[in-house]
Amino acid sequence: MAVYFDLKVHSTQGGANSDIQWHKTAPILAVASYNEAKGGEVNLYMDEGEHLSEAVLQRSFSATAVAWHHIRQILAVGWESGELIIWNEDDHELHDTSRMHQTAITVLEWCSNGSRLVSGDSNGLLAVWKADFKGRLQQPVFCTHNYQQNLTQLLFRPLLPPDPSRDIGALARAAVSGDERALDMFTWRQGNNALRMRTGEEALTFFVAGDKGDVFFVNENGKSVEAFQADGPVRKLLFYEEKSILVTITDGLMLSQHSVSEEGEIRELLKVKLSGKSEELDVIWAGPGLLATATAEPIIRMWDLEKEDNFVLTLDGSHGYDTNDTVSCVAYCPSKGVLTGGTNSGCVAMWKLSPGARNTSREDQWKLQPPSTLDGVVTQLMWGTSKALLAVNALEDVYILSEQVMSSHFQDQTSVIQTGPCMLSIDVFSNGSHQDLKTDIQVKAAYVTKDNIAISNGKKLVVYEFTVDKSLIKAAGTFNIESLLMCVHGQNVYTVDQGKVQVRNFQGTVKQLLSFTELEGEPNCLDICNEYLVIGSTNGVIKVFDLSRREAKQHCNPKNVADIIQGFGSIVSAKANCNGTKVSIIHRKSDDSPDPKLYIWDIELDTINYFNFETGFGEQDEFMAMNLDDETNDAERGKAEAARDIAGRYPVAHFWDAQEVKLIVCQTLVLPNMEESEEPDKRKRGLPVPRAALGDDSIMIVSLFTTPESGILMQDSFSMSSTHSALMGVEVPYYYFVRKSEDSGTDSQVDMMADRSHSATPGQAKMVSRRTMRDFVGLENSDKNARDAMMNFSYYLTIGNMDEAFKSIKLIKSESVWENMAKMCVKTRRLDVATVCLGNMGHARGAKALRESMHEPELDARVAALAIQLSLFEDAERLLRNCKRYDLLNEFYQATGQWPKALEIAEMYDRIHLRTTYYNYAKHLESNGDTKAAVPNFEKSDTHRFEVPRMLFEDPQQLENYIMRNKDKALRKWWAQYSESTGEMDTALQFYEAAQDYLSLVRVYCYCGNFEKAAEICNETGDRAACYHLGRQFENNEGIKEAIHFFTRAQAYGNAIRLCKDHGMEDQLMNLALLSNPVDMMEAARYYEEKPGCQDRAVMLYHKAGNFSKALELAFSTRQFGALQLISEDLDDKTDPELLQRCADFFMENGQYEKAVDLLAIGKKYWDALNLCMQQHVAMSEDLAERLTMPKGVSENENEERVKILEGIAEVCMQQRHYHLATKKYTQAGNRMKGMKALLKSGDTEKIVFFAGVSRQKEIYVMAANYLQSLDWRKDPEIMKNIIGFYTKGRALELLAGFYDACAQVEIDEYQNYDKALGALNEAYKCMSKAKMKNQSMQEERLANIKHRLNLIKKFVTARRTYDEDHDEAIKQCQVLLEEPQLDTAVRMGDVYGFIIEDFARREKWKAAYTCMEEMRSRIPTVNMAYYVNMRTIEAVHRALDIPLGRGVGAEKMNGIRMSPDDGDGEEVEEDVVDEYGD
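What comes next is a walk through the structure. Bear in mind the structure is a predicted one, so any value in this text is a computation, not a measurement.

## Here's the deal with the overall build of the protein chain
- The helix and strand inventory of the protein chain stands at 50 helices and 63 strands.
- Looking at the protein chain residue by residue over its 1479 residues, the buried ones come to 51%.
- In the protein chain, of all internal contacts separated by at least 6 residues, the share reaching a separation of at least 24 is 48%.
- When the accessible surface of the protein chain is split by element, carbon and sulfur atoms take 47% of a total near 70,900 Å².

Here it is, written out as structure tokens:
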């Protein structure tokens, strides 16, 4: 339990405080005030109320604006005269600025890093100042703007949250590692999407608004633009950072939202009118997107911008508020989740947010706390400092409210509880006495023993002592201390000072020092249990001292738990059990998050075990929790379910029993951020799903047994009563709790009814409540032996030793004890023990119900059955909810008369029983005589058509009224039948018509002889039943035509046909037969078959009825060929084969061969159909080919026959040049070679390549490659690639060698590219050497030939390559090459001569060139000289030697392809050819 202590820090006599402002980080409060005598002044105060006298800023006029620097302790103050001054608290310097403003400064604010200060006055002048690190404003002013209106609001736009994708560090690392995208983003130029680096960035842009409703945006360069026009004077500007939305509120309570882009563009989103008074308005953020508004009313209005939801918080629900209180100002503390409101009567109201409460309204999540009452009218509230202190401006006085946890302690049947800053409530349970103690100091810590009380405020410690009869308390000593840590034992006080534990007497004299080394750390927790002192240090060292002697002696070796606990942060508390054998530890992790584990140090074994409140299991049982299966027994499953009750929590307090060494009790809270999203992961890992994750946010008390064999086991758990604030201690058989101050009078009636184990405290104790332990209900006043026996029973039951458990309590005969133990089994889920308890109680009905519940698969469902028998209805409800047996929960609510809950459960979870639940509720209401309420429930159960008439049958008038009101057709029909039975035909006709029961209408009209009206109804409605009934009536009355008409309307064609046959209406008979079903058609067909001249109708009807055999037979016998052709179109494989053959023969006789083939295919006469196709040249389509394809058979013979038929189809396709279809059929027959041959005939290159690729047969690869060689592969690199690939896959290396040889020749003949030709021949040589030809001599001969050609080409290529380095040597090599025999097989002589001639011409050896040309003509008589030598070179040689060009030269000029660059055809074009060969 926490209260707020108020400290008055400032008072303005005869004046008023105009403003209070906390520094953003430092604990300094600035107070601006004014009175007539002193004028205006600004005072600074520390958080403890210390006045900083050097920092009093005074002027003769009032301060109108105060603003703290966001980082440094620098205060800017604007005055009514327009003066602006700066106070530097760090350096104690006052800085004046040049006078820019001539009127009162109304807005004043620093930017986020304090490099700029913005000030604005009532005339609309706005100044932006630059400031140095000491807060001194630089001259000249950065920029000014004059808005010609009183400036009312100034708001710096917060920095946008960092974009993870644009994090500089991450981008830099990615860029260094080679990520080009990161490098691009890192070096992105400034633009619309420029990357904005945040290093050293601060918020420099801001919005400013005035009393004319104009809102302006000023960017970082000082440029101002009008953002938008509000609907009136602007009262408040707020910025919704998460959504980048500017919220504007005017004096008229008009709220508008504008989205703000990164570049400052404004776009209106929403405009809405707020409720409330506009005279006094205070608006703040009370969470993300949640606005809190105070308008001098007794409520605070809340508006959720994201959900567009609103609700109100009222002052109702807590003592201490007056009905006339109105809230005029608000403030919110995010760290505490507390919203505060100041009232006109001096009260500070607080609402604490409890977001863990599920399925509750928004307003119920804000819990109103007791008020803090001050003197004066609260006009302003402000939270500040890391301690979350609340500054309150009460007009003349200023207070600082600090939250203080109420101190409490319990020991030796004595309790002390703080009830006020200086008030203590003391209760002695041994004699039932109660006393209140008022102290001279504010109490921040208290400690009690049976003889003494010690209190401390952190600076001073006071010890009080009881008189012998406990009737008086008197002071025993006082002394100064430096810490709140203290303990009392005997006549000694143990305190912490300068990193040591000091043992003092009551007067403060130090008797002994318990030292800690620097490595061990400083003491940060103390506790005493019986004779043992436990000390924990900041570095995780725990020491235990024995206090039974005159001086404290170390009980055991110190234990460093920091080495054992993973992620060690700090020890919260450490306590020893009553005999000093075990120490329990609560720990906080290094990240300052709570550790869900309670650690137990066994001093004798020097081991540390833990109990994990996150899972609900001890260290040894966590493995069992992850391996629950169908074979797990009820005891283990019960442990798992009990663990689930407490899972998802962490311990905040722990207490050992003063007598029982094994028993420890913990107070636990829900882990932070415990959400339902954890549920699937928990289930997947097999861990119990925490109730906390399902919305159970209550404080739970958990008692544990520390066992040597089984570790730490849970003994009991329960939710702490809402009237209690904390557990303060335990002494068997009671738990002791601190009551909440507003509930200190009596326990809640609900809590008392829910748990009869609450025990009244003796005497006049108001702040303490005690609860009897579960196992000791009925044994509170028993002797020690009985208590020890029950404790042993509980212990053995917890560890699962049933024999020892029952042996412990065999002497206890009390029926109430057995009943209490049976109730205990509901908690432990030990149904085997419950069976024994019910037997000892003589509870036969409960034993039977428990036995019958054993068929339920869920353990909790079986335990719920036990709880119901023991009248533990809340436990039963909780268990059924836990196991999600909503059907049983529904039955439970119905049985206990909780019908609204039953209906709610059925509506939400048990919809399969929803109608049943409404029906049962209606029966319940009927039994209570509430027929009016029963009717709608019968309707919801959909049983009202029977139940309501039954229920109201004794009251015909009420029943008729109900039916008249109800438009249900079934009910109206029922009432019509009832009226008909009583002879009221007019009423019956009226309700039959209302019910649209046309059959009954026609029946009644026929009964009354009104056939015309009946016929009219039938013709209008077409109701088949009514028409049939009327038709029968006309038939009985010899109205044959009318009967046939209404039988036809009723679609009773059989009756109509019967009448037509009987009365010879043949034309009408045919029409009816065509409309009727096959049976009636067959009947009519037989009629026509026997009637001469009507066989064509018979054939048609047989055909329509599906009797093809009869239709064909009759068509053949009567030679109706037109009908025969129509019938054949509907024949399928189910038709008689003989009929199919006859039809086929008929079509062949009439030359309709395609139809004959179709019928033969349907009749599975495949060979006949194929022969007919070949003989009569019937076109083979893909559809016909599929019909002629025999289905796959089971036997081998059938498959062979299918293959032959497929090949036959393919041959027909080949004859008809359907090569693709032939390929398909050959492929289906498994003959891919023939399929490939067929495809080759089609010439479809793309499909040939595809087919070869999917066939994966050597022969097919070779065939495809051979085909591709026939194409123009020289101009298509893809074809060349496929040729090489197919020859390679087909392993036809000799053919591949031939292809490479051909490629080489092409390169020489067409492109004179001897380099590529050399590469191709190399590949040809490799392939030929790897080939495995049958004729080895031929292979060797080809290899030798290729090698010889390779050598010749290589020599020529080498000569050309060495030309640039040594042209003489190159020419010499070429001349030697010309002497080689069979040179033309590899290198063209013309190319060699052309190379030599070009060289001679280049060196102007014209005669040698001409001689070479003549030699070339002699060796190649028909040479086309211009093909090998450039025409310009030939002309140059002849011109140099003065030799005219001859006839051969003219031919060369006409036919040559090498021409001078001056000739008209331009430069030589060399084709791009993909190099598919090696080097």
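So, next bit.
## Regarding the packing of helix H40 (residues 1258-1269) against helix H41 (residues 1277-1289)
- Look at H40 against H41: their axes get within 8 Å of each other, and the N-to-C directions meet at 150 degrees. Comparing their axes, H41 and H40 come out roughly antiparallel. As H40 runs across H41, the sense of the crossing is left-handed. Where H40 abuts H41, its residues Lys 1258, Tyr 1261, Val 1262, Ala 1264, Ala 1265, Asn 1266, Leu 1268 and Gln 1269 lie against Ile 1279, Asn 1282, Ile 1283, Phe 1286, Tyr 1287 and Lys 1289.
- In terms of residue class, the contact of H40 with H41 is made up of 9 nonpolar, 3 polar and 2 charged.

## With respect to the sheet that holds strand S35 (residues 414-420)
- Strand order in this open sheet of 4 strands is S34-S35-S36-S37, and the pairing throughout is antiparallel. Of all the strands in the sheet, the pair left with one neighbour each is strand S34 (408-411) and strand S37 (433-438). With direction set aside, neighbouring strand axes in the sheet form an average angle of 15 degrees.
- By the bridge criterion, 6 bridges tie strand S36 (residues 423-428) to S37 in an arrangement that is antiparallel.

## A closer look at the pairing of strand S12 (residues 125-130)
- Among the 6 residues that make up S12, 5 are buried, leaving the element largely enclosed by the rest of the structure.
- Bridge count between strand S11 (residues 116-121) and S12: 5 bridges; the pairing is antiparallel. Bridging across to S12, Gly 120 finds its partner in Leu 126.
- Between the antiparallel neighbours S11 and S12 lie 3 residues, among them Gly 124 with a positive phi of about 100 degrees.
- Sheet topology note: the S12/strand S13 (residues 143-146) ladder contains 4 bridges and is antiparallel. In the strand pairing of S13, Leu 126 is matched with His 145.

## Thoughts on the nonpolar core
- Phe 1299, Ile 1353 and Val 1387 are the most contacted members of the largest nonpolar core, which has 77 residues in total.
- Not counting residues up to four positions away in its chain, the partners in contact with Phe 1299 are Gln 1269, Trp 1273, Met 1280, Ile 1283, Ile 1284 and Tyr 1287.
- One finds Tyr 735, Ile 809, Leu 831 and Leu 879 within the second-largest nonpolar core, a separate group that totals 56 residues.

## Let's talk about the state of the cysteines
- Enumeration over the complete set of coordinates arrives at 0 disulfides.
- A disulfide-free cysteine, Cys 1018 has its sulfur positioned 4.1 Å from the sulfur of Cys 1027, the nearest such atom.
- Using a relative accessible area of 0% as the deciding quantity, one classes Cys 1018 as buried.
- The class of Cys 1027 is buried, set by a relative accessible area of 0%.

## A closer look at the pattern of salt bridges
- This structure, assessed with the given rule, holds 43 salt bridges.
- A salt bridge links Lys 271 to Glu 268; its shortest N-O distance comes to 4.0 Å.
- Since its relative accessible area comes to 45%, Glu 268 is described here as partly exposed.
- The shortest N-O distance in the salt bridge between Glu 660 and Lys 662 comes to 2.7 Å.
- A residue is classified by how much of its surface remains accessible, and Lys 662, at 18% relative accessible area, is buried.
- Overlapping salt bridges bring together Glu 856, Glu 858, Arg 885 and Asp 887 as one network.

## Let's talk about the packing of aromatic side chains
- Tallied over the full model, the rule gives 31 aromatic pairs.
- Relative to Phe 216, the ring of Tyr 147 lies with its centre 4.1 Å away and its plane at 25 degrees, an arrangement referred to as stacked. Taken together, the positions of Tyr 147 in the loop between S13 and strand S14 (151-156) and Phe 216 in strand S16 (residues 214-218) put the pair 69 residues apart, joining distant regions of the chain.
- A relative accessible area of 9% places Tyr 147 in the buried class.
- Centre to centre, the rings of Trp 974 and Trp 975 are 6.3 Å apart; their planes meet at 35 degrees, and the pair counts as tilted.
- Look at Trp 974 and you get partly exposed, because its relative accessible area is 26%.
- Aromatic rings pair up to connect Phe 410, Phe 429, Tyr 734 and Tyr 736 into one cluster.
- Stacked on the ring of Phe 142, the Lys or Arg Arg 116 has its end atom at 4.3 Å from the ring centre.

Thresholds applied
- Residues numbered from 1 in each chain as written.
- Predicted model: local features only at pLDDT ≥ 70, side-chain atom pairs only at ≥ 80, totals over all residues.
- Heavy atoms only, no water.
- Helix = DSSP H or I, 4+ residues; strand = E, 2+ residues; numbered from the N terminus.
- Buried < 20%, exposed > 50% of the residue type's maximum accessible area, 1.4 Å probe, protein only.
- Contact = heavy atoms within 4.5 Å.
- Areas by Shrake-Rupley, 256 points an atom, 1.4 Å probe, with all protein chains shown as cover.
- Axes fitted to C-alpha atoms, helices over the stretch in contact; angles between N-to-C directions.
- Parallel < 35°, antiparallel > 145°, perpendicular 65-115°, else oblique.
- Left-handed = near helix turned anticlockwise from the far one by under 90°.
- Nonpolar A, V, L, I, M, F, W, Y, C, P; charged D, E, K, R; others polar.
- Pairing = 2+ DSSP bridges.
- Core = buried A, V, L, I, M, F, W, Y, C linked by side-chain atoms within 4.5 Å.
- Disulfide = S-S within 2.5 Å.
- Salt bridge = Lys/Arg side-chain N within 4 Å of Asp/Glu carboxyl O.
- Phe/Tyr/Trp six-rings, centres within 6.5 Å; stacked < 30°, edge-to-face > 60°.
- Lys NZ or Arg CZ within 6 Å of the ring centre and 35° of its normal.

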